[in-house]
Amino acid sequence: MIKMTEYAERRNELMQIIGPTGIVILPSYPTARRNSDCEYTYRPHSDLYYLSGFEEPETVLILAPNRAEGEFILFNRTRDRAREIWDGLRAGQQGACEQYGADESFPISDLESMLPELLEGREEVHYALGNDKSFDQTLINTLNKIRGKIRSGLNAPLVIMDITETLHEMRLVKSPAEIALMRKAAEISAQAHIRAMTYCKPNMNEYQLEAEIIHEFQRNGARHCAYSPIVGSGANSCILHYVTNDKIIKNGDLVLVDAGCEYQYYAADITRTFPANGKFSPEQRAIYEIVLASQLAGLHAARMGAEFPAMQHAIVKIITQGLLDLGILKGHLDDLIAEEAYFPFYMHKSGHWLGLDVHDVGRYKVDGKWRQLQPGMVLTVEPGIYISADIPGVNEKWHNIGVRIEDDVVITEKGNDILSKDVPKSIADIEALMA
Ligand code: GLY
Ligand code: MN
Ligand code: MN
């Protein structure tokens, strides 16, 4: 769990960075209707949650450094006995202050009338335009209201700045408490992958494996997936974000499972690939060994001071050499790498930041240069080879072999720590588990 004091430290750090002339405005996501009067399960905006731990919809968080009446303001829902009977308790204004440490809290319905006085005299509004059209309009109306009073001496902010500059840089480096939650998310997800391997039998449906995965997530307190699980058998293993998950798994197929839970809003993101019948064929084995070697090289490269593309370079070299050794590519290693001959087989990046969001925030390049990895950053390393039947000039025996291996890694002072290491990934260990 993240302590309330840590949320307060984050807010203070952010206010230090933006300075006394700035103001942060963070609206929650709107709720989303699934059908008729049924809504999708609400999930707070990661930025808003990161700064407050507040989970309710219809919320706007404001940080106004040096404001005399208080710097941390929450606009949120009022207590409402009738709504609470149907939908559950709300924090209300008192709860926002007492439980979440807001200096002041007001009903969300007061926002529009109060926003002008909050913005007046501030120079920069830290707000992410373009996420919520209706809130964008509210902000523009407010700015126009203040501009209309310039002859009374009121000054409107001149700059609207994306929160990416400041908050997302903070989110990129995880605290010990965050890493503990991410470790838990990865451990639960690892058990789910082990369960999928253990339960897999030819002639099952892909969604039956998905069910085993979600079962393991939920019974361990991770009520939600960090993203829709991918369970792709045979040709579907070559579709990167396959989520249909409704085909029969055939004897002789490979099964690619990319699934991670969300634990207290932190994501895990793990991929394993295994044979439906528990035994890799010679062709599957050959491709798998290349991907595994490339993943181990990618993991080795993920250490303090390395620039982000170091992992991709290590991976690409091994994948290209491997495809060359099998005769799937022809030519000279350096030329093939230079002309990206691997691209039809490996067409994505080596990985991404991981955190509250599965594709987490934070820049990959700063001032035009690739950023160096630092302790506390968490990323995935996830190479793959996907040989779909429509790649020209490849012997049929390789068709429909799709392999990805993905782990979650924290950069440490000494090297790295693989959060998802509990799931087997050597051929011997996978075959032993499935036997
Ligand atoms: N599960 C999405 C990804 O691996 O990036
Ligand atoms: Mn990933
Ligand atoms: Mn993934």
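Residue indices follow the written sequence of each chain, beginning from 1 at its first position. Following the order in which they are written, the chains are lettered starting with A and the ligands numbered starting with 1. Thresholds applied to this predicted model are a pLDDT of at least 70 for local features of residues and 80 or more for the giving and counting of side-chain atom pairs; totals over whole chains, interfaces and linings are not thresholded and use all residues. Excluded from the side-chain calculation are hydrogens and water; included are all heavy atoms of the structure.

Enquirer: Please set out the overall build of the protein chain residue by residue, giving values where relevant.
Expert: Scanning the protein chain for helices and strands turns up 13 helices and 21 strands. Expressed as lengths along the three principal axes of its C-alpha atoms, the size of the protein chain is roughly 80 × 50 × 40 Å. Here the protein chain, with 435 residues, has 54% of them falling under the buried criterion. Between two residues, a contact is recorded if the distance between any of their heavy atoms is within 4.5 Å. The long-range fraction of contacts in the protein chain, counting pairs at least 24 apart against all pairs at least 6 apart in sequence, stands at 70%. Using the Shrake-Rupley algorithm and a 1.4 Å probe, accessible areas are obtained, with residue cover drawn only from the displayed protein chains. When the accessible area of the protein chain is evaluated, it comes to approximately 20100 Å², of which 51% is carbon and sulfur surface. Only DSSP runs of H or I with at least four residues qualify as helices, and only runs of E with at least two residues qualify as strands; both kinds are numbered from the N terminus onward. Each residue's exposure class comes from its accessible area (1.4 Å probe, protein chains only) as a fraction of the maximum for that residue type: buried when under 20%, exposed when over 50%, partly exposed otherwise.

Enquirer: Explain the coordination of the manganese ion (ligand 3) to me, using residue names and the numbers behind them.
Expert: For the manganese ion (ligand 3), every protein donor is listed as Asp258 (OD), Asp258 (OD), Asp269 (OD) and Glu406 (OE), and the spread of their distances is 2.0 to 2.3 Å. Distances up to 2.8 Å from the metal define which N, O and S atoms are donors, and 3.2 Å serves for Na, K and Ca; water is absent from the atom set, so sites may look incomplete. Angular criteria define each label, namely tetrahedral for four donors with all angles between 85 and 135 degrees, square planar for four and octahedral for six donors with opposite donors over 155 degrees apart and remaining angles between 65 and 115, and irregular for whatever fails these tests. For the manganese ion (ligand 3), the six donor atoms are set out with angles of 57 to 170° between them, so the coordination reads as irregular. Binding-site remark: the manganese ion (ligand 3) is held by donors from one chain whose sequence spacing is D-x10-D-x136-E. With relative accessibility at 4%, the residue Asp258 sits in the buried group.

Enquirer: With reference to specific residues and values, describe the coordination of the manganese ion (ligand 2).
Expert: With distances of 2.0 to 2.2 Å, the protein atoms coordinating the manganese ion (ligand 2) are Asp269 (OD), His352 (NE2), Glu382 (OE) and Glu406 (OE). One chain supplies every donor to the manganese ion (ligand 2), and in sequence these donors are spaced D-x82-H-x29-E-x23-E. The metal-metal distance between the manganese ion (ligand 2) and the manganese ion (ligand 3) is 3.3 Å, with Asp269 serving as a donor to both. Of the two residues, Asp269 sits in the loop between strand 13 (266-267) and strand 14 (270-275) while Glu406 sits in the loop between strand 19 (401-404) and strand 20 (407-411), which places them 137 residues apart along the sequence. Its relative accessible area of 0% is what places Glu406 among the buried residues.

Enquirer: Any chance you could break down the site of ligand 1 for me, citing the residues and the numbers?
Expert: Whether a residue is near a molecule or strand depends on its heavy atoms: it is near if one of them lies within 4 Å of it. In the vicinity of ligand 1, the contacting residues are Tyr227, His241, Asp258, Asp269, His352, His359, Glu382 and Glu406. Between N or O atoms, a polar contact is any pair within 3.5 Å; within protein, one atom must be a potential hydrogen donor and the other a potential acceptor, and residues adjacent in sequence are included only when both atoms are from side chains. Contacts to ligand 1 include His352, whose side-chain N or O atom sits 3.0 Å from an oxygen atom. Glu406 is positioned such that a nitrogen or oxygen atom in its side chain is 3.2 Å from an oxygen atom of ligand 1. Starting from 200 Å² of accessible surface for ligand 1 in isolation, the protein chains cover 93%. When its residues are assigned to classes, the shell around ligand 1 shows one nonpolar, three polar and four charged. Residue classes follow a fixed rule: Ala, Val, Leu, Ile, Met, Phe, Trp, Tyr, Cys and Pro count as nonpolar, while Asp, Glu, Lys and Arg count as charged, and any other residue, Gly among them, counts as polar.

Enquirer: Quick one: what's the story with the packing of helix 5 (residues 111-119) against helix 6 (residues 133-147), residue by residue and with numbers?
Expert: Every angle, taken between N-to-C directions, lies between 0 and 180 degrees, and every axis is a line fitted to C-alpha atoms, over only the stretch in contact when it is a helix. Interaxial distance between helix 5 and helix 6 falls to 9 Å at its minimum, and their mutual angle equals 55°. When the interaxial angle is binned, helix 5 and helix 6 end up oblique. Crossing of helix 5 over helix 6 shows right-handed handedness. Seen from helix 5, the contacting residues are Leu111, Glu112, Leu115, Pro116 and Leu119; seen from helix 6, they are Phe135, Thr138, Leu139, Thr142, Leu143, Lys145 and Ile146. Note on terminology: angles under 35 degrees are roughly parallel, angles over 145 are roughly antiparallel, angles of 65 to 115 are roughly perpendicular, and the others are oblique. When the near helix sits turned anticlockwise from the far one by under a right angle, the crossing is termed left-handed; a clockwise turn instead gives a right-handed crossing.

Enquirer: Requested: an account of the pattern of salt bridges, with residues and values cited.
Expert: Two side chains of opposite charge can pair, provided their charged atoms sit close to one another. Criterion for a salt bridge: a side-chain nitrogen of Lys or Arg within 4 Å of a carboxyl oxygen of Asp or Glu. As enumerated under the stated definition, the model contains 24 salt bridges in all. Here Arg67 makes a salt bridge to Glu104, at a shortest N to O gap of 2.9 Å. Residue Arg67 is found in the loop between strand 4 (60-63) and strand 5 (72-76), and its partner Glu104 is found in strand 6 (residues 104-107); the two are separated by 37 residues along the sequence. Between Arg171 and Asp357 there is a salt bridge; the shortest N-O distance is 2.8 Å.

Enquirer: Could you give an account of helix 10 (residues 282-301), naming the residues involved and the relevant values?
Expert: An ideal rise of 1.5 Å per residue puts 28 Å on 20 residues; helix 10 measures up with 29 Å between its terminal C-alpha atoms. Burial in helix 10 covers these residues: Gln284, Ile287, Tyr288, Ile290, Val291, Leu292, Ser294, Gln295, Gly298, Leu299 and Ala301. Multiplying 1.5 Å by the residue count of a helix minus one yields the expected span of that helix.

Enquirer: With reference to specific residues and values, describe unusual backbone geometry.
Expert: At Glu58, a residue that is not glycine, the phi angle is positive and equals roughly 55°. The backbone of Gln264 shows a phi angle near 45°, a positive value even though the residue is not glycine.

Enquirer: How would you summarise helix 5 if you had to cite specific residues and measurements?
Expert: When helix 5 is considered as a whole, its buried residues turn out to be Leu111, Met114, Leu115, Pro116, Leu118 and Leu119. Elements that come into contact with the buried residues of helix 5 comprise strand 1 (22-27), strand 4, strand 5, strand 6, strand 7 (124-126) and helix 6. Just downstream of helix 5, Gly121 is the residue with a positive phi angle, here 85°.

Enquirer: Explain the environment of Phe343 residue by residue, including any values.
Expert: Topologically, Phe343 is positioned in the loop between helix 12 (333-338) and strand 15 (365-366). With relative accessibility at 43%, the residue Phe343 sits in the partly exposed group. When the C-alpha atoms of Phe343 and Val316 are compared, they prove to be 9.3 Å apart, with 27 residues separating the residues in sequence.

Read these as layout, nothing more, since geometry by itself doesn't imply function.
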